[in-house]
Every structure is written in structure tokens, then in C-alpha cells.
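Remarks on the overall topology
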Amino acid sequence: MDRSWMFKNRTTDAFEIGVNDFLRQAVAHAGIGNRIYCPCLKCGNKALYKVHEVKGHIFYNGFDTNYQRWIWHGESHLGSTVNNLGVTSITVPPLMQEDDNDDIFDMMQDVEEEFVDRPDQFEKLLSDAEKPLYDGCPNNYTKLSALVRLYNLKAANGWSEKSFSDLLVAISDMLPRPNELHTSMYQVKKTMSSLGMGYEKIHACRSDCVLYRKEYKDLECCPVCGVSRWKLEKNKDMNKKAVPAKVIWYIPPIPRFRRLFRNDAHAKNLTWHATERIKDGMLRHPVDAPQWKTIDIMYPEFGTESRNLRLGLAADGMNPHSNQSTSYSTWPVILVNYNLPPHLCMKRKFVMLTMLISGPKQPGNDIDVFLAPLIEDLKLLWEEGVECFDGYRNETFKLRATLMWTINDFPAYGNLSGYSVKGYKACPICGNDTCSERLKHRKKICFMGHRRFLPQAHQFRKQKKNFNGQPEHEKVLQPLTGVQILQSISDLHVEFGKGKKNLSVDGAWKKKSIFFDLPYWKDLYVRHNLDVMHIEKNVCESLIGTLLNIPGKTKDGEKTRLDMAEMGIRESLKPITESGRRTFLPPACYVLSRSEKRQFCSTLSEIKVPMGYSSNVRNLVQMKDLRLINLKSHDCHTLMQQLLPVAIRGLLPKQVRTVIVRLCYFFNAICSKVIDPIKIDELQEEVVVTLCLLEKYFPPAFFDVMVHLIVHLPREIKLCGPVWLRWMYPMERYMKILKGYVRNRSRPEGCIIECYVVEEAVEFCSEYLESTPTIGIPKSLESRQNVRMGFKITPVEYKMLCEAHFYVLQNTPEVDCYRLEHLTRGEKWLQAEHRRCFIRWVRQRIETELAKPEHCITQTLRWLANEPRRDVIRYSGYGINGYTFHTCEHNLRSTTQNSGVTVEGESLHVSSAKDKNPVYANMSYYGVIEDIWELNYTSFKVAVFRCKWVNNKTGVKVDENGFTLVDLNKEGDSSDQFIMASQAKQVFYVSNPNDGRWSVVLTSKPKLYDSGDVCDNIEETPSFSQRLPECEDDQNEDVSYVREDCEGEYIEVDNSKMNKRKKFTS
């Protein structure tokens, strides 16, 4: 439509005709009551009037000439018109036609409805989206797209605000003048925050009694405890003006869900679970587990709509100052979306911060007060749903959502569930059936009695001497259902607030959790997940502390021995008092001798692991005191998954060593990404036996509640799916990101929220700028696979070049038909003859084919037949398949081990020299990389590794515990050295503590962030063993608890100061 009339005199006929035409179009898209926004200079599209009133305003005040795209009157912001059927015809501005990647105007169209109440901000953003960065700017960068690109770099790389401001000033100075680039963080945040979804600040009582919302919104004092809502001046009774004592930040999830569905790619991914997942009966995702299916069956209206969301809620405390000496606890509440594929569920982009509860004290049992706004939204999403536009299907639907479970550590488990996780009934699954006993001398509660979980006929149930002196006849009761729990606590009245004392039900339930306000919550099998990350960490620390007898960490000691004597078990370990001044503790079977400690620590300190596998293990070992220090969660994960079973080889009595290996095998198995439901029952049986064996050998003090919870992990996997989508590792990493937002230590929560909203806006904008990578999804490591180290070009011997070329021919699919044809020509001498003449034969064969007028020889075959160039490119490092490989020479001067390699190969087997019927079989080969070549075939290049292989007959074996061992000094066939780089898998070797000639083979983990099968390098570690070690003494009650090959421990008592001093006897 012609807009020239807008600039004419209001008294002319052209202006009147233009106004009438404009109003005619606007009336067709009028809102309720035939009212439209008034575009006069005074109103500026901020108020609704009837059409005749708008006409009067325009003639009286004039038409706003800056309003050239009539987006509030039926026209798209791209200059298109929306007809009555809702079909939009979009005309892309000339600026964007040249670069379809940077579709910033599509973004503006998607957020248009969010700015209905903020027309001024939308007009400004639209102007920034159209305005070139400077006249003649290449790549079509506009003021907004350039800002998004730069801020994306800041957020992705963790730049400080000062450094980013300095960078903006520097870039602005480099650009031609005048330019539109912002030069201050204030301007940047002001622009980007307008694209964010916003948040609510809700005042709270400083004692956590209530939130000042709804009926309490205007109160000045807490209606429960009477404390003032505001901060008080020191030594004065008067209030500070408008400074609340406590604030929570609530970020409503519903607008974010709507924005997620408006993106067609995200909308498609949100139905992955129904359209694209593998359905083979294996557990890969929560959708494969009974809990998901139960919701679909019990609530079919919800289950039939694949777009309805399944969510997980994570909550935990963090110190925003990253300073352990500062006591401050901020609690983020995070939502996880399980509709997405497994490799996206836990990514930063889709992990949604919904609430931030300010410190300095943790909410504890009063967390229900703060969760009320979120629960109300979740209840709305379940009962009524909200209208949502699906950008993939291009339709509107009713969006609903359900909360599947919570993810938290064990103390937070108690806060969220309302169950007391301390005391005699600390296990929330066993409940009143929890088997516990107080240790008189250690003054701790131990949780033993795992024989109850065994089959009735199991031998351990009959044994007395090795356990508590009694046979076990009890059976394990089934865990209470949600309905049963709700019935038992329905009358429990709780008054929230610090300092309030409330009665509990059966000494266990402290409150009725606010989650029971969700109608479906009682129907879930598992409402709160046991966190494998923290369980594994606590068990590892107890195990290491006891083995090495680390003061403060060990579960052994004089008090432990006295407790065992009190219980009437293991009399041989009873402390022996000598001459009243010192006590002798006999050496227990679960404690390492001093020489064994030295060997254990030495093994760990000498381990070299592949790049990115873990932290440097040698930094955890303190050889002076023979102990491990500063163990983080992932360090414990690495130890339990692979390294600990190797480090204890040849140490401790065999039966004790076996039970530790079984425990590590269990943790490795449950952390798998793909789990067979049938094997879960086997794991359940085996872990019960393992825990009984631990009871048999380890002291009662070892069995805290974290050790006991191991027995319930298989049940939760079977009901809910793989562990790696329900543990705290992703949440802990995300909280580290949140800590990085803090710039003002006096206002940490405000910093976090403001940065989160801005980053959310940048992430949203980045989706529309294809040249800008998103922040929340790690960049594909394929770009890093091109990393090459130590580049040099050198000529090689022709014989060796032919050997590499022969291997390439053997393993190129396009050559398979020629290879098979050539192999049919011989019998017993087949392999040698094939290797000797295949290169020449295939070249002649291809040349013959090419001479024919009609042939089907591809360019790849043509260049392969011509052989590679004599000068090859050699590297000392090469990245491929998610691994980084180095040569042996490079490894010698590195702190990591990246030269180990394994490959699955087909091998020819003969029974004797006269055997005329050789058999082919697949087997694994192990070796180290000596050289990395890149063969140049003119039109393409092929990377090969020249390796030193271990002799598979004499240099590889599998021991009784399933460990694969190799002798790297026993070299295999030197005539078959090469493999293609694409075939290689990485392994690393750990020297066997028993025999230094042999090395234990451990498999490394690939790092491919964009793969659907591999998501993070922390979630799955290949097993250290090919099978679960068998326990040999099920029926043996004559167990030796005292080590004859180990020194004991004396404890001397200084009666004057009553200080105890330990020393080891030789």
C-alpha cells in the first residue's frame, strides 16, 4: 500500500484518501469491540479507540511517520498482509535476500505476540534488526545481529563484562564511522533483556514462613511470625525503605515452553520420543521405562498427545561465591525436558532455570513455601493446559505437562519429599522396615541386614558366625506406593518457618510434600530419585579411607573394634590392651599393609590416562602420607568405574579384593547408556550378594545409609530408565555456569538472574543466525577432529608405502568385489600370494575396465589404482572418531597416554601347515601407534596408523576376574603394521601391580557431543572386565579376619593429656 500520503499536508485530499484506506484495512483486523490502536503522534499505538475516534486523532495530532510498517493493523513486520484465513504472505526485505542464513526477521515475527503490551520496544528492536551496522557493511550485519554475534562469544567463552566492554569500544573504533555498535554493557543488556522472557521478584519472610503474594501481597509483617517484611537499620527500629529482607526470583516456565514450540526444529525434537526413538525393548530413555508408560495408561488423554511435556525437577544448594570458607547457600530450581532426544535432554540450552531461592541459609524443610508458584503453574499445565503454537506442524494445540520426578542429593531428597533421611529409618524406600542399629562406641547408626534381600534358600541366610550371629528369616516388604504414603500423612499438619517444631509420622515423615498437590504425583512409582553421583562418591571415599586407614576417613579404629566386640562378632579383631598404656589392633583383612599402600599409591601415581579422560590422577596421590587427597565427584567416578579394580590387583586377601571388584563392576554396569531390562534383575541379585559379602568382611561402621541405598538402585533403573539422565552431574555443571554469572558479591542472585535472562535472549537470537553457534549445545567435535600435530612431509620406503596402500585397498568397500575375485585364485598360499600381487593385479584390472567405452569405475577406484604419492604427510597427533591419538614418541614427553589403540580384525586361522581349509574369525588386536601417515591419492587423502601390535597368541590373555592383559614386549607380525585411522579405537595401558611385564587394558571414552549415541564423556565408561568375578566361599563360615602377612597398629595413650597417638609396628 502506498505510504506517501503520510508525509503530505493534513488538509490535502491525498492525505484523507490515505487515512481512509488505512482505516479500511485496520477495521478488517480490529480487536474486541471494533477498537484499534491509534497511530497518531500523541498515542503512538499505545491505546485502543474506536475507528472514528482514531480518525479524529490522526487529523488533529498527525500520523506518526516513523510507523511505516503497520504491524498493529493487520500487516506483518516484514511488509506482508495477513488475510482472514490467517495465511501470511511474507516479502523478505532486500537486505536479507542476499543472505538467507541470517533470518533475523523471522525471529521478530516469532516474538511479535510477546510485545503486544510493549509496542515501543518492538519498534526499536525492529529498527535495530533493519539498520545496517554501518553503510556498506558486508555480510549484511545489522545493529542487532552484530550484537547477538558478539554477545554469543562472550557467553560461550565466559568473558568478564569489563573485557567485553573494552572489546566493544575497540571494535567500534576499528569500524568505519559512523557505526551503530553499542560500546557499553549497559546498552547491550538493555537491548538484549527486552528479548528475554522476564521474571518475577517475590518477597519472602526472612524466617521462610510465607511468600508475600496473593492475599499476603500488601502485608508489612509476616502473618505467621510477625517479623517485618523489610530489612532493618542496625541499632534502630525504623525500616529501610523498600528493601525486602528476603527475595526469591521466579522465572515462569510456561512462556518459555511456548517459545520452544514456536521454533520448528525444537518442536520436531519435542516429539522425538514418539516418532524417532528405537523400539527394541532396551532402556535408552525414560520413555522406555514403566513410569512413563504408566502415565500414558492411567491418563490416556494426556498420553495420546505426543507434544505434552514430561519434566524432571532438580534442586540443590550452591555457594555462589565459589569460596568454601564463606557460608552461603543459594538454591536454584531447574526443570529438565525429557521429550527431547537423550543427547539433548541435559544440554545447557534445554535445562531451564525456573527459580532462585536466595541465601544465606538453605530453605531446608521450608522449601515447599518457595515452590508454591512453580507447583501452581505445573498444576495448571496438567489440569487445564495452555494454548501453544507448534512451529513444526504450523498449528495451535493445548499444551499440558507432567512432572516425572525430582533429581537431588540425599539431604535435598529429604527436604523435597518430606521424609527424614536421618536416624534409624533413614532409608526412604525401606521406611519402617529399615534394618538399622546404633553403634555404641562410634555413636553412629549402621544399616546392615542385607541378607533379607536374598532368596529364601540362599546359603548366606543360614550362616551366623560371619554376620550378626543369627540366621536371617525376614523377608523384604514392598516399598509403599504413593497412595499409601499419602493416606498415612494426609492428616499431618506442618507450620512452616525457621524455629517451628512439628510432629512427625512414625518418626519418619516430617510433612506432606507440596508435590502431592499435583493430582498424578501419588500414582508415580518413583517420585524422588536416589542420586548415583553422590552415592558413588560417598562409597568411594569410605572405601578408600578404610583401605588406606586415612585418619578421619577410615571406618576402622579402636571404637569400631569395640563395637564389633559389643555385637559379638569377629572376636579375633578385638583390641588387646597391653600394660594399661597402649592398645594393639590386630591387622584386619580389609586394611592394606604399609608396603601395599605404597604399591597402591604408586600404581595410581604412575597411571597416564588419555586426554580428556579425567583429571591428572597423580595429583590426587600423596606419596609422603600414602593417601588420596582432594577427591572430587568425577575423580571418585573414575576410580570406581575403572582404576580402583586395577590398583588393588595382587593386594589384600583374594576374597576381599573380589568383593571390591564386584562393587566396582556394579557401578560400571548401572552407568551404561543402554540397559537390558532382563539384566537389571541379574544386577539386583548380584548386588545383594556383593553387599552381603561386604558385611562379611568389612566393619559395621562402613555401612552408612549411602552404602545401603546401593541395593535400591536397580529398582529405580528398571522403573525410570538409565541413570545418566537422572543424576546430578549435569546439574552440578550447570550450577558452575550460574556461579560464573556473579559479578557483584553483595548481590549474587540478582547477577545470576540478569545474566540468565540476557543469555536466554542471545540463545534465542542465535537460532536465527546460522553463522552464530548456540551457547547451550556444545559445538560438534567434528570441527576439532581436523586437529593435526607435528606436520611434516617426508619420503618413505616403497615397500612400506605398498604395505600401507595394500591395507587401504583391503578396507575400501569399492574394492571388495576385486578383492574377492582375486582371493578365489589360490588355496593354501592364498594370503601370501594375495598380499604379494594384489596391488599390481588390481591396477591392471582397473586399467582394463577403463579401456572399455562403457565402464562403471568411480573416481575413487581410479585414483586408488594409481597408488599414493611417495611423499607422505606425517603427524605426531591426529584427531578422529572422538579420540585424540598421539605417537609413542609424543607420549614420552606428555602427561597423558594417547598412543594405545585397538581394532577389530578378521584373522585367518589354520590348525597346521597342512591345513587346506583355513577359517576366518574376528578378534581384537592391541598395540601402540608408532607413526601417523596421511596418504595422498591426489584427489583425496587417507589417514593410516603404523602400529606395533602385540602377539595375540603369547602376548594377550584374560585372567580369572575378566581383566584383559597384554605384554607390550611381545611383538606380533611386523608385516601387517597399518590400520586406517577411521577404524581405530583408543585404549590405555596400566602396568599390572602383580607382574610388571604385563599391562591391564582399559578402554577410553570417545567425546562426540553431537552424536545421538554419545553425549558426554562422563556418562558412560567402558567396563574394565569382561565378566563379573565370582565369589567362591558362599558356604564357608571359617573366614580369617586377621591378616597374617600384615603389621598391626598400636595406639598409645598419654594419660596426662589423654591424647591418642598412632604408630605402625614393623
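Residues numbered from 1 in each chain as written. Predicted model: local features only at pLDDT ≥ 70, side-chain atom pairs only at ≥ 80, totals over all residues. Heavy atoms only, no water.

Here we look at the overall build of the protein chain
On a plain count of helices and strands, the protein chain comes out with 32 helices and 33 strands. Counting over 1066 residues, the protein chain shows a buried share of 54%. Restricting the contact set of the protein chain to residue pairs at least 6 apart, pairs at least 24 apart contribute 67%. With an accessible surface of roughly 48,500 Å², the protein chain has 49% of that area assigned to carbon and sulfur atoms. (Helix = DSSP H or I, 4+ residues; strand = E, 2+ residues; numbered from the N terminus. Buried < 20%, exposed > 50% of the residue type's maximum accessible area, 1.4 Å probe, protein only. Contact = heavy atoms within 4.5 Å. Areas by Shrake-Rupley, 256 points an atom, 1.4 Å probe, with all protein chains shown as cover.)

Description of the side chain of S876
Here S876 shows up in the loop between β21 (871-875) and β22 (877-880). Sequence-distant contacts of S876, defined by excluding residues within four places in its chain, comprise M789, G790, F885, H886, T887, H890 and I932.

Some remarks on the pairing of strand β10 (residues 386-390)
A regular strand places its side chains so that they alternate between the two faces of the sheet. Every second residue of β10 is oriented toward a common face, the buried set being V386, C388 and D390 and the non-buried set E387 and F389. Here β10 runs beside strand β11 (residues 395-399); their pairing, made up of five bridges, is antiparallel. Bridge pairing in β11 places C388 opposite F397. Remark: four residues form the turn of the hairpin made by β10 and β11, two consecutive strands paired antiparallel; N394 in that turn has positive phi of roughly 60°. (Pairing = 2+ DSSP bridges.)

So, the confidence of the model for the protein chain
When pLDDT drops low, the exact placement of atoms in the prediction is not to be read closely. Predicted confidence across the protein chain gives a mean pLDDT of 83, with 85% of residues reaching 70 or more. Note that pLDDT drops below 50 for residues 1057-1066; the model gives that stretch 23 contacts with residues more than four away or on any other chain. (pLDDT = per-residue confidence, 0-100.)

Topic: the pattern of salt bridges
The tally for this structure, following the rule as stated, stands at 36 salt bridges. In this structure, R874 and D931 form a salt bridge, with 2.3 Å as the shortest nitrogen-oxygen distance. Of this pair, R874 sits in strand β21 while D931 sits in strand β25 (residues 919-936); the two residues are 57 residues apart in sequence, bridging distant segments of the chain. Judged by relative accessible area, which is 23%, R874 ranks as partly exposed. With relative accessibility at 6%, the residue D931 sits in the buried group. D995 serves as the salt-bridge partner of R997, at 3.0 Å between the closest nitrogen and oxygen. Through salt bridges with shared partners, a single network forms among E305, R307, D390, R393 and E395. (Salt bridge = Lys/Arg side-chain N within 4 Å of Asp/Glu carboxyl O.)

A word on the packing of helix α20 (residues 594-605) against helix α21 (residues 633-647)
Orientation of α20 relative to α21, taken along the N-to-C sense of each, is 130°, at an axis distance of 9 Å. Taken as axis vectors, α20 and α21 run oblique relative to one another. With respect to the hand of their crossing, α20 and α21 are arranged in right-handed fashion. The segment α20 lies against α21, with F600, T603 and L604 engaging L639, L643, L644 and A647. Taken together, the residues that form the contact of α20 with α21 break down as six nonpolar, one polar and no charged. (Axes fitted to C-alpha atoms, helices over the stretch in contact; angles between N-to-C directions. Parallel < 35°, antiparallel > 145°, perpendicular 65-115°, else oblique. Left-handed = near helix turned anticlockwise from the far one by under 90°. Nonpolar A, V, L, I, M, F, W, Y, C, P; charged D, E, K, R; others polar.)

As for the packing of helix α22 (residues 654-670) against helix α23 (residues 677-697)
Running from N to C, α22 and α23 point in directions that differ by 145°, and their axes come no closer than 10 Å. Both α22 and α23 take part in a crossing whose hand is left-handed. The segment α22 lies against α23, with Q655, V656, V659, R662, L663, F666, A669 and I670 engaging L683, E686, V687, V689, T690, L693, L694 and Y697. For the contact of α22 with α23, the per-class residue count stands at 12 nonpolar, two polar and two charged.

A few points about helix α27 (residues 748-766)
Look at α27: 27 Å from first C-alpha to last across 19 residues, which is about the 27 Å you get at 1.5 Å a residue. Counting buried positions along α27 gives 17 out of 19 residues, so the element sits mostly inside the fold. (Expected span 1.5 Å × (residues − 1).)

Quick notes on the environment of G650
Among the secondary structure elements, G650 is positioned in the loop between α21 and α22. As a C-alpha pair, G650 and N992 span 342 residues in sequence and 8.8 Å in three-dimensional space. With residues near it in sequence (within four places) discarded, G650 still touches R657 and N994.

Quick notes on the sheet that holds strand β6 (residues 246-250)
Taken together, six strands build an open sheet; the order of strands is β3-β6-β9-β8-β7-β12 and the sheet is mixed. The open sheet is flanked by β3 (200-204) and β12 (401-407), the only strands paired with a single partner. Here the strands of the sheet are splayed against their neighbours by 20° on average, with no regard to which way each runs. Taken together, the five bridges between β3 and β6 define a ladder with antiparallel strand orientation. Within the sheet, the bridge partner assigned to E200 lies in β6 and is Y250. Where helix α15 (residues 367-383) meets the sheet, its contacts fall on β3, β6, β7 (309-315), β8 (331-337), β9 (352-357) and β12, and the angle it forms with β9 comes to roughly 150°. This element, helix α26 (residues 729-739), spans β7, β8 and β9 of the sheet and lies at about 125° to β8.

Quick look at the environment of C765
When you line up the elements, C765 lands in helix α27. Each C-alpha atom of the pair C765 and L144 lies 9.3 Å from the other, and the pair is 621 residues apart in sequence.

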